[in-house]
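Listed below are the residues making up each chain.
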Amino acid sequence: MISVPKTGRAADGVLDALEAEAIWAIREAVAGFNRPVILYSIGKDSTVLLHLAAKAFQPSPIPLPVLHIDTTWKFREMIDFREKTAARLQLDLRVHTNPAGLAAGVNPFDHGSDEYTRIMKTMALRQALDEGGYDIALGGARRDEERSRAKERMFSLRGPGHVWDPSGQRPEFWTTVNTVLTPGQTMRAFPLSNWTELDVWRYIRRENLDVVPLYFTDERPTVLRQGKPVVVDDERFIFEPGEKAVMRRVRFRTLGCYPLSAAEESEALTVDDIIAELATSTTSERAGRLIDGEGASSMERKKLEGYF
């Protein structure tokens, strides 16, 4: 039996404070900018962000569009969850795929994770933000995820072309947000900046939120890549010579494009199991993101180019 950390007044107080801060940031973004949009990756953090946005404006529906960058390589369960969520929350869901990348057949196997990410994620995001004329994009990134994200302000300025200059960010004084933009500038907001992975799961438990089933352990067909289990999600998967799928009991801590998202062996079947597992974990949440493994500065370089 997995020992589950108890929820007490102190833990609930932390979640209450984080919730209030996030709702404040969401409301500031909608009030202070002309064309706000929520970026939706379908993962647990996005699920929490949408729930907070719904709370921020209830009983009205979420009053801003929700944008998903679809590389066409997401897990099938993610896309199914996206459609159900959009219907349940009455979202103004907008889906964008880089048309040139799609026409050229850009994929994670033949083009490598770095080039694939640049074309199908970074360029696609920049295209969608430009086409929508959005001046602020809200996302579920958290500072504890990895080093470059830890450098972000809660309201993070982007220059022309959506480039990020970590040394040129605006100071944040108490709850005062500088919303002034010069031509070409946009803003990104991270209402979950001060949350941890454990905070997210405790909040999911408290609010009884549904998440993509991939977060829970199940028997799944996998191959080992870089020593990590990668799930064979559909017939497009390209096997290496002598490779074949092996059933393993795995789950995901972070979700993305399935050929680039490694799972981990686990017996966590419930949210309580996940919380107990994380309480003793010594590995990074993003250790399963194979796109992050191209050097210590890989993610920061992507962000400088406009990646979220």
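Look above for the structure.
Just so you know, the residues in each chain are numbered from 1, in the order the chain's sequence is written. It should be noted that, the model being predicted, local features are given only for residues of pLDDT at least 70 and side-chain atom pairs only at 80 or more, the latter also being counted only at that level, while totals for whole chains, interfaces and linings use all residues. Excluding hydrogens and water, the side-chain figures rest on all heavy atoms present in the structure.

Turning next to the environment of Glu152. Within the secondary structure, Glu152 is located in the loop between strand E4 (136-138) and strand E5 (155-158). Between the C-alpha atom of Glu152 and that of Arg142, which follows or precedes it by ten residues, the distance is 9.0 Å. Polar side-chain contacts of Glu152 include one of 2.9 Å to the side chain of Arg158. Going along the chain from the N terminus, every DSSP run of H or I of four or more residues is numbered as a helix, and every run of E of two or more is numbered as a strand. Polar contacts here mean pairs of N or O atoms no more than 3.5 Å apart (in protein, one a potential hydrogen donor and the other a potential acceptor; neighbouring residues in sequence count only if both atoms are side-chain atoms).

Within this scheme a cavity is a closed region of a 1 Å grid, computed over the protein atoms alone, that accommodates a 1.4 Å probe without allowing it to escape, whereas a pocket is open but has protein on both sides within 12 Å along at least five of seven lines; lining residues each have an atom within 4 Å of a point. Grid points are joined across faces, edges and corners, and a volume is the space filled by probe spheres set on the points. One pass over the structure, following the stated rule, counts four cavities of 30 Å³ or more. Considering only enclosed or pocket space, the second largest cavity measures out at about 60 Å³ in volume. Taken together, Phe155, Arg170, Pro171, Glu172, Thr176, Val177, Asn178 and Met187 make up the full set of residues lining the second largest cavity. When the residues that make up the lining of the second largest cavity are grouped by side-chain class, the tally is four nonpolar, two polar and two charged. Residues are sorted three ways: Asp, Glu, Lys and Arg are charged, Ala, Val, Leu, Ile, Met, Phe, Trp, Tyr, Cys and Pro are nonpolar, and all the rest, Gly among them, are polar.

Classification of ring pairs uses Phe, Tyr and Trp, with its six-membered ring standing for Trp, and accepts pairs whose centres are within 6.5 Å; under 30 degrees between planes counts as stacked, over 60 as edge-to-face, and the remaining range as tilted. Summed over all chains, the structure comprises eleven aromatic pairs. A ring pair is formed by Trp73 and Phe109, whose centres lie 5.8 Å apart and whose planes are at 70°; its orientation type is edge-to-face. Remark: Phe109 occurs in the loop between helix H4 (99-103) and helix H5 (112-132) and Trp73 occurs in the loop between strand E2 (66-69) and helix H3 (76-89); sequence separation between them is 36 residues. With a relative accessible area of 7%, Trp73 lands in the buried category. Judged by centre distance (5.9 Å) and plane angle (50°), the ring pair of Phe75 and Tyr258 falls under tilted. Here Tyr258 lies in the loop between strand E9 (246-251) and strand E10 (264-265) and Phe75 lies in the loop between E2 and H3, a separation of 183 residues in the sequence. Three exposure classes are used, based on accessible area relative to the maximum for each residue type with a 1.4 Å probe and protein chains only: buried under 20%, partly exposed in between, and exposed over 50%. The buried category is assigned to Phe75, whose relative accessible area is 0%.

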